[in-house]
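What the coordinates show
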Amino acid sequence: MTSEKTPGQPDPSFAPRSRSGLSQITRRSMLGLTGLAVAGATMGAWPRLTGTDIPGRGSNALNIAILGTAADAAARQGLVQAFTAANPDIPVQVQAIQGADWKDFFSKILTMVAAGTPPDVVYVATEGAQLFADKLAEPLDDYVRRDAADMSDYFDDVHPSLLEAFMYQGSLYQLPLDWNAANMYLNTTTFAQAGLDRPKDDWTQDDFSATLRALRKARPADFTPYYWTNRLFGGVVPWLYANDTSFLTESKASGGDWLWDRFYPKDPARATRGGGYQWLAPNAEDGRVVETFDYLRELVAEGLGVRPESGGGNALVGLFGNNRIGTTPAGGYWAQGLHDAGMTADQFDVQFFPRWRTQRHQFGAAGYAIMRTAKDKDAAWEWVKFCSSREAMQLAIPKPNTTPTRRSMVNESFYAATGPRHWKVFYDTLDRFPTSGPIPAPPQQAAVETALMKNVSTAVSGSSAGVRTAMGTLQRDLELALRRNT
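Reading the values: the criteria
Throughout, residues of each chain are indexed from 1 in the direction in which the sequence is written. Whole-chain, interface and lining totals are the exception, using all residues; otherwise, since this is a predicted model, local features are given only for residues with pLDDT of at least 70 and side-chain atom pairs are given and counted only at 80 or more. Side-chain figures throughout are based on the complete set of non-hydrogen atoms in the structure, without hydrogens or water. Each helix corresponds to a stretch of at least 4 residues labelled H or I by DSSP, and each strand to a stretch of at least 2 residues labelled E; elements are numbered beginning at the N terminus. For each residue, the accessible area found with a 1.4 Å probe, counting protein chains only, is set against the maximum for its type, and the residue is called buried under 20%, exposed over 50%, and partly exposed in between. Residues count as neighbours in contact if any of their non-hydrogen atoms are within 4.5 Å of one another. Accessible areas in this description were obtained via Shrake-Rupley with a 1.4 Å probe; residue shielding takes into account the shown protein chains only. Here, nonpolar core means buried Ala, Val, Leu, Ile, Met, Phe, Trp, Tyr and Cys residues that are tied together by side-chain atoms lying within 4.5 Å of each other. Think of a salt bridge as a Lys or Arg side-chain nitrogen and an Asp or Glu carboxyl oxygen that are within 4 Å of each other. Only strands joined by at least two bridges in the DSSP assignment are considered to pair.

Going by what an unreviewed UniProt entry lists, the chain is known as Sugar ABC transporter substrate-binding protein and is assigned to Pseudarthrobacter scleromae.

Structure representation (structure tokens):
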């Protein structure tokens with residue numbers, strides 16, 4: 001997969017302006033979204049925006065696009081003021097783009113590109129990282145090299161796996177600011193009713209099944225032992241990773257040594273690092289993929305797991321808080337969500353995802369991407385660099401509605417007001433399971449996720465024989481999806 005054009009290069013003579021930074025959209029909001037569901041469209045197919053549709057059109061200000069409302073943009077004026085104080089020569093405007101999900105957000109960004117009025121910087125989650133890297137975003141390599149002394153504190157504090165998730169064909173396109181792994185949340189009230197303790201760190205898939213059966217026996221009605229959703233994050237993918245497989249073949253591009261040698265020379269997994277993940281072919285008919293889908297089908301058939309619905313499970317927090325769900329995969333963003341729903345720290349906990357053939361976890365992250373069309377890429381880099389500093393990230397993430405990428409921020413005081421008791425699970429996911437990987441999202445992510453979601457429900461709703469048939473259909477759908485020109 002190659003880009004349509006070679007990205008422009010930053011001016012090496014430009015002097016760095018600032019050393020601090022701040023995140024805009026938390027991973028919690030991202031995980032409630034379905035991803036870009038528009039498949040096979042071209043930019044010319046999207047309706048064009050008029051001048052009145054685009055706030056700040058014609059302005060010289062650096063335009064930062066986030067997913068949200070006007071109220072969300074207004075709430076970020078403190079960030080803008082802090083950045084302006086450090087960079088008085090760079091005017092900034094935060095543009096909130098309303099949308100029900102990533103589909104709407106990315107569609108509107110692409111519409112703005114087609115209309116000739118793109119933003120300068122966009123906050124992008126893993127689901128869209130390769131789409132932007134392949135078509136829209138500017139690589140950060142030269143900027144990072146130039147400002148290596150300033151950036152060392154950031155890289156020293158951030159796990160290399162999170163950076164690798166934003167590498168593409170040997171270049172780095174985003175600095176991750178927040179992230180979340182698919183860990184397993186436990187409703188401790190329902191566990192106590194079933195006479196269960198918190199599982200051990202190395203609990204297995206069989207242990208998980210036994211846990212669900214005990215939960216079901218204690219709560220035979222109006223209760224779901226395991227709730228999961230039909231999407232890329234927290235759906236079937238964590239189980240595929242645990243079973244040492246995926247529905248797409250996974251490899252790594254060459255390159256990236258400039259980053260790993262400079263900032264992560266002592267990384268225990270240094271030999272495995274590369275130039276970014278690649279998902280180049282479908283793998284749906286692999287025996288372990290079929291086995292994984294059949295396991296989930298059995299959970300649904302036995303009444304231990306819900307038949308997954310599309311989307312992010314917006315009602316899930318309420319159901320969990322009312323003790324109608326026993327377990328569900330989610331990340332650190334849920335700590336604040338459950339607290340806001342009225343749950344106390346002793347009413348929920350978290351554990352690693354169960355081990356199958358491996359205990360590899362799935363994660364997603366997010367950070368700012370500089371657009372290739374940005375009117376001042378040097379100024380845009382100053383924003384990105386600002387948003388990666390410890391001081392700014394502490395302002396951006398004052399409470400656990402996501403997991404900060406900086407290890408130093410994931411500490412006892414951060415979870416003191418909310419729980420869970422075993423909050424160390426969040427960052428330990430990367431430290432203890434360094435092969436954990438990002439959401440499988442190639443540039444054709446829209447069509448890929450559509451194909452997956454279409455076939456998941458079919459696969460887990462019928463017979464065991466039907467699983468293999470569904471995987472054959474998924475294989476063909478993925479072949480078509482990966483041919484699409486994003």
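Bringing the overall build of the chain into the picture now. Counting secondary structure elements, the chain contains 20 helices and 15 strands. In the chain, which comprises 486 residues, the proportion classed as buried is 60%. Considering only contacts in the chain between residues 6 or more positions apart, those separated by 24 or more positions represent 83%. A total of about 17900 Å² of accessible surface is found on the chain, and carbon and sulfur atoms cover 48% of it.

Our focus in this paragraph is the nonpolar core. Membership of the largest hydrophobic core comes to 129 residues, with the highest contact counts inside it found for Phe155, Leu163, Leu175, Tyr185, Tyr226, Phe293 and Trp383. In terms of nonpolar packing, the next biggest core, distinct from the first, is built from 20 residues, Phe105, Ile109, Leu131 and Ala137 among them.

This part covers the pattern of salt bridges. A full pass over the atoms with the stated rule returns 27 salt bridges. Residue aspartate 267 pairs with arginine 273 through a salt bridge whose shortest N-O separation is 2.8 Å. Note on accessibility: aspartate 267 and arginine 273 belong to one class, buried. Ionic contacts of the salt-bridge type, sharing partners, join the residues Arg146, Asp147, Asp150, Glu382 and Lys385 into one network.

Another aspect to go through is the pairing of strand S6 (residues 178-181). Side-chain alternation along S6 places Asp178 and Asn180 on one buried face and Trp179 and Ala181 on a second face that is also buried. Note: S6 against strand S13 (residues 362-370), 4 bridges, orientation antiparallel. In the strand pairing of S13, asparagine 180 is matched with glycine 364. Where S6 meets strand S14 (residues 403-404), 2 bridges bridge the pair, whose relative direction is antiparallel. Opposite tryptophan 179, over in S14, you have threonine 403 as the bridge partner.

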